[in-house]
Amino acid sequence: KDACRSRKSVIIMEGFMDVEEVANFDNPTEKLLILNAKTTLSEKEVLKFYNTTLNNLGWNKQGKNTFKRGKDTLQIECHTEGKNLSVQFTLTQENN
């Protein structure tokens, strides 16, 4: 079984549920994609996966949970909601 799947250029690791696209904006100068997902995995497990996987795919860590590759920037925010972890992925691309 694959460790992850792709959702419009954002890698979604196995174990996520209720993946929802909350914003998708695309014009000649900028693109924006925001996805929300929930998981029963811990924040530590999620961030370890993304730190390793994104690094292997050529993304450079730019700060806490922020990654950059070319003109693309991906931010990952985690929030605990009861027994679940809510994760928001924000992918932006500047086309200027």
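Details of the structure are given in the entry above.
What counts and how
- Residues numbered from 1 in each chain as written.
- Predicted model: local features only at pLDDT ≥ 70, side-chain atom pairs only at ≥ 80, totals over all residues.
- Heavy atoms only, no water.
- Helix = DSSP H or I, 4+ residues; strand = E, 2+ residues; numbered from the N terminus.
- Rg over C-alpha atoms; globule rule 2.2 N^0.38 Å.
- Contact = heavy atoms within 4.5 Å.
- Areas by Shrake-Rupley, 256 points an atom, 1.4 Å probe, with all protein chains shown as cover.
- Lys, Arg positive; Asp, Glu negative; His and termini not counted.
- Charge placed at Lys NZ, Arg CZ, Asp CG, Glu CD.
- Phe/Tyr/Trp six-rings, centres within 6.5 Å; stacked < 30°, edge-to-face > 60°.
- Buried < 20%, exposed > 50% of the residue type's maximum accessible area, 1.4 Å probe, protein only.
- Salt bridge = Lys/Arg side-chain N within 4 Å of Asp/Glu carboxyl O.
- Pairing = 2+ DSSP bridges.
- Axes fitted to C-alpha atoms, helices over the stretch in contact; angles between N-to-C directions.

Draft legend 1. Highlighting the overall build of the protein chain. Summing up its helical and strand segments, the protein chain has 1 helix and 8 strands in all. Put simply, the protein chain runs from its N terminus to its C terminus through helices and strands in the order β-β-β-β-α-β-β-β-β. Taken against the 2.2 N^0.38 rule, which gives 12 Å for 96 residues, the C-alpha radius of gyration of the protein chain at 13 Å falls within 12% of a compact globule. Taken over the C-alpha atoms alone, the protein chain extends approximately 40 × 25 × 25 Å along its principal axes. By sequence separation, contacts in the protein chain at least 24 residues apart represent 44% of the contacts at least 6 residues apart. Put simply, the protein chain shows about 6000 Å² of open surface, and 47% of that area lies on carbon and sulfur atoms. Placing the 14 positive and 13 negative side-chain charges of the protein chain at their respective mean positions leaves the two points 5 Å apart.

Draft legend 2. How the structure looks around the packing of aromatic side chains. Applying the stated criterion across every chain yields a total of 3 aromatic pairs. Each ring, one from Phe16 and one from Phe89, has its centre 5.9 Å from the other, and the planes form 70 degrees; the classification is edge-to-face. In this pair, Phe16 is assigned in strand β3 (residues 16-26) and Phe89 in strand β8 (residues 84-94), connecting sequence segments 73 residues apart. Exposure remark for Phe16: the relative accessible area of 7% places this residue in the buried category. Under the relative-accessibility criterion, Phe89 is labelled buried at 0%. Within the aromatic cluster, the residues linked to one another by ring pairs are Phe16, Phe49, Tyr50 and Phe89.

Draft legend 3. Representation of the pattern of salt bridges. The final tally for this structure, using the stated rule, is 1 salt bridge. Measuring nitrogen to oxygen at the nearest pair gives 2.8 Å for the salt bridge that ties Lys38 to Glu81. One end of the pair, Lys38, is in strand β4 (residues 30-39); the other, Glu81, is in strand β7 (residues 72-81), and 43 residues separate them in sequence. Glu81 gets classed as partly exposed once you look at its relative accessible area, which sits at 41%.

Draft legend 4. Looking closely at the sheet that holds strand β6 (residues 66-69). Across the sheet, 6 strands lie side by side as β3-β4-β8-β7-β6-β5; this open sheet has antiparallel pairing. The open sheet has two edge strands with one neighbour each: β3 and β5 (60-63). Between one strand and the next, the sheet's axes are offset by a mean angle of 20 degrees, whatever the strand orientation. Of the pairings in the sheet, the one linking β7 to β8 comprises 10 bridges and is antiparallel in character. Of the residues in β8, the one forming a bridge with Cys78 is Val87. Helix α1 (residues 43-56) contacts β3, β4, β5, β6, β7 and β8 of the sheet and is inclined by roughly 170 degrees relative to β7.

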